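Observations on chain architecture
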Amino acid sequence: MDKNSLWVIIVEIVCGLVCIGLGVYYIFCGAATQVAVFMLVGVGCFVVAMRKYFIMRKQKKDKEKDEKDDTSKQ
């Protein structure tokens with residue numbers, strides 16, 4: 001896996017968790033608009049980060065499988 005891509009995924013997860021935390025804070029403050037905005041952004045960031053991670057993991061497995069198949073054919 002590419003180190004830069006992992007850093008991007010980590011930053012997106014942190015951003016998502018912070019936004020979700022702010023959404024929970026605004027639930028107790030009673031600001032409905034901010035709750036909706038922060039919850040949607042937080043969940044969106046988290047989902048995008050997980051999707052990127054699973055795609056990277058699948059690409060890595062496919063690459064290893066292809067390398068294994070190439071060495072077994074020779």
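Here, the structure is the one placed above.
Residues numbered from 1 in each chain as written. Predicted model: local features only at pLDDT ≥ 70, side-chain atom pairs only at ≥ 80, totals over all residues. Heavy atoms only, no water.

Here we come to the pattern of salt bridges. Applying the stated criterion across every chain yields a total of two salt bridges. A salt bridge links E12 to K52; its shortest N-O distance comes to 3.0 Å. With E12 in helix α1 (residues 3–29) and K52 in helix α2 (residues 32–73), the pair connects residues that are 40 residues apart, well separated along the chain. The exposure class of K52 is partly exposed, given its relative accessible area of 32%. With its nearest N and O atoms 3.3 Å apart, the salt bridge here joins D62 to K58. Placement of both D62 and K58 in helix α2 is noted, with a separation of four residues, approximately one turn of the helix. K58 sits in the exposed class, given a relative accessible area of 53%. (Salt bridge = Lys/Arg side-chain N within 4 Å of Asp/Glu carboxyl O. Helix = DSSP H or I, 4+ residues; strand = E, 2+ residues; numbered from the N terminus. Buried < 20%, exposed > 50% of the residue type's maximum accessible area, 1.4 Å probe, protein only.)

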